[in-house]
Amino acid sequence: MTVTIVGSQLGDEGKGGIVDVYGEAADVVVRYQGGDNAGHTVVHEGEKYKLSLVPSGAVRGKVGVLGNGCVVNPETLFSELDTLREQGLTPDVRVAERAHAILPYHRVLDGIEEAEKEDLAAGTTGRGIGPTYEDKAGRRGVRIGDLLDPEVLRERLEYVVPQKRALVENVFGHDPDDEQFEGAFDIDALYEQYREYGERLADNGMAVNASAFLAAQREAGKNVMFEGAQGTSLDIDHGSYPYVTSSNPTAGGAAVGGGVGPTVVGQGEIVGIVKGYLSRVGTGPMPTELGFVEGQTPEDGGDTSDEAEELAKFIRDEGGEYGTVTGRPRRVGWLDMPMLRHAANVNGFTGLAVNHLDVLAGLDEVQVGHSYTLDTTEQSSASNQNATRSDDGEEILTMPATTEKWARCEANLRTFDGWADPDWTEVAAEGYDALPENAKAYLEYIADELETPIYVVGVGPGREDTVIVESVWD
Ligand code: IMP
């Protein structure tokens, strides 16, 4: 059977912890989208492993698969595998021949295009994710399978690299041979480097027809887990476009990007991961935002009252809401129910895992954005005014489809009584009934609103800090 883990917000919901807990009984863990833009730390037998591309199950002896929907930077892949080996592990990772390779020029272009975009910049991770998916859709990408065939590799590079050189030079006004780009636009250098990666993939038997590989695994009765990266509101189709990533983290992406039928995903469990509050990295609207983060919160966004700033600091510090690599503070806010209702609609969750309830412990009151009201005072244009008049002042229960309209939404907050800060490991050991009553009321509200049962409650960072209500593999 299959279990699909999907982020229901803006990434960083604590998916890794749930993959860890539910992944115990999985034989194969598949990533179906994204690339090395997804940083996570896995703690296993007291050792810490930092991964951004390799599926986290690889740390625990599972077969890891990077599906066709992924974009793979071979340099990151091999460096993560080398580090895992140095740490004494023997990771088994397969890569779909149909997955696209990230090349150095994709990273360079990610940086240049972001700098050009100004207000439209998404605050990307700079890993070349968007430019690689652009080339995939433009049918000029280099796939993992191409790396194993030197003739095809050269042919692809000879077609695409001159286009990238022209783009950098003529559109963005940079010299593609400038030292700062370190040979990113040099066909011969790229050919040598990527041919070697191809050899290494072949020598280790890592490049596979992932769809056939997974079919054989399922045939043999193996449990397959699909591990989503990022989250629903960062989905290229269903997220807050253009402040999104370039792939489909939503459950449908598991079928397309894993190379299995929708029935395979649909017959299994689809678990939506919800952080008990909200965080956002990068720009874009966030109606329930508390406080203001320079360079990320839009100028007219955030609640900058002293009380909100204080709450933001509390949540950020308790939740460790600082970038793993950059250390920069993440934007934080209350749970956004219209965002979650939208996530439930597009993913068809069978269950929910609500994380980080311990972070909110100790607050007198916990709020949620139950719905939105459209702010009529911030019309951006006459046409917009006409288009939205019918919604003005109305209660909106799901996230609007346009980001401009979402930016004009004001959250209608509901207030819950807070809960104390017990020994969460003890609570987790006792189970759901031992959770503080007010925390249970909060969870039940979420489950009722989304018409989806709670499967797991996360009350701390470790596996032992997890309340498992429902086991998914039965
Ligand atoms: P990209 O995926 O690097 O192209 O970045 C696009 C947007 O997605 C940016 O706003 C990033 O901050 C966001 N993003 C990408 N990966 C993650 C993640 O793992 N967690 C949170 N945000 C992410």
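For the structure, see preceding data.
In this text the structure is predicted, and so the values were computed from the model without any measurement.

What counts, and where the lines are drawn
- Residues numbered from 1 in each chain as written.
- Predicted model: local features only at pLDDT ≥ 70, side-chain atom pairs only at ≥ 80, totals over all residues.
- Heavy atoms only, no water.
- Helix = DSSP H or I, 4+ residues; strand = E, 2+ residues; numbered from the N terminus.
- Pairing = 2+ DSSP bridges.
- Axes fitted to C-alpha atoms, helices over the stretch in contact; angles between N-to-C directions.
- Left-handed = near helix turned anticlockwise from the far one by under 90°.
- Contact = heavy atoms within 4.5 Å.
- Nonpolar A, V, L, I, M, F, W, Y, C, P; charged D, E, K, R; others polar.
- Salt bridge = Lys/Arg side-chain N within 4 Å of Asp/Glu carboxyl O.
- Buried < 20%, exposed > 50% of the residue type's maximum accessible area, 1.4 Å probe, protein only.
- Phe/Tyr/Trp six-rings, centres within 6.5 Å; stacked < 30°, edge-to-face > 60°.
- Lys NZ or Arg CZ within 6 Å of the ring centre and 35° of its normal.

Draft legend 1. Structural view of the environment of aspartate 300. One can find aspartate 300 in the loop between β13 (289-290) and α11 (306-319). With 61 residues separating them in the primary sequence, aspartate 300 and alanine 361 have C-alpha atoms 30 Å apart.

Draft legend 2. Highlighting the sheet that holds β13. In space, the three strands of this open sheet follow the order β12-β14-β13, with antiparallel pairing throughout. The open sheet has two free edges, formed respectively by β12 (278-280) and β13, since each of these has just one partner strand. Summarising the sheet, β12 and strand β14 (residues 331-333) pair through three bridges and their orientation is antiparallel. Its bridge partner being in β14, arginine 280 is matched across the sheet by arginine 331.

Draft legend 3. Quick look at the packing of helix α6 (residues 150-171) against helix α7 (residues 187-203). Relative to each other, α6 and α7 sit at 145°, their axes nearing to 10 Å. Crossing of α6 over α7 shows right-handed handedness. Contact residues: α6 offers Pro150, Leu153, Arg154, Leu157, Glu158, Val161 and Pro162, while α7 offers Ile187, Asp188, Leu190, Tyr191, Tyr194 and Arg195. The residue inventory of the contact of α6 with α7, partitioned by class, reads nine nonpolar, no polar and four charged.

Draft legend 4. Inspection of the sheet that holds strand β20 (residues 454-458) at higher detail. Strand order in the open sheet formed by ten strands is β9-β7-β5-β2-β10-β1-β11-β16-β20-β21, with mixed pairing between adjacent strands. Edge positions in the sheet fall to β9 (207-208) and β21 (466-468), since each of these pairs with one other strand and no more.

Draft legend 5. Summary view of the pattern of salt bridges. Under the counting rule described, the total for this entry stands at 23 salt bridges. Two residues, glutamate 24 and arginine 463, come together in a salt bridge whose shortest N-O distance is 2.3 Å. Here glutamate 24 is found in the loop between α1 (15-23) and β2 (28-31), whereas its partner arginine 463 is found in the loop between β20 and β21, with 439 residues between them in sequence. Across the pair arginine 200 and aspartate 82 runs a salt bridge, and its minimum N-O distance is 2.8 Å. Linking arginine 200 in helix α7 with aspartate 82 in helix α2 (residues 74-86), this pair joins segments that are 118 residues apart in sequence. Taking the relative accessible area as the measure of exposure, arginine 200 reaches 28% and is therefore partly exposed. Since its relative accessible area comes to 29%, aspartate 82 is described here as partly exposed. Within the structure, one salt-bridge network assembled from shared partners comprises Asp12, Lys275, Glu321 and Arg330.

Draft legend 6. Spatial organisation of the packing of aromatic side chains. Tallying each qualifying case throughout the model produces eight aromatic pairs. Between the aromatic rings of phenylalanine 181 and phenylalanine 185, the centroid separation amounts to 5.8 Å while the plane-to-plane angle is 80°, which identifies the pairing as edge-to-face. Joined through ring pairs, the aromatic side chains of Phe416, Trp419, Tyr442 and Tyr445 make up one cluster. Its end group placed over the ring of tyrosine 191, arginine 154 keeps NZ or CZ at 4.4 Å from the ring centre.

As far as function goes, none of this settles anything; it's purely spatial.
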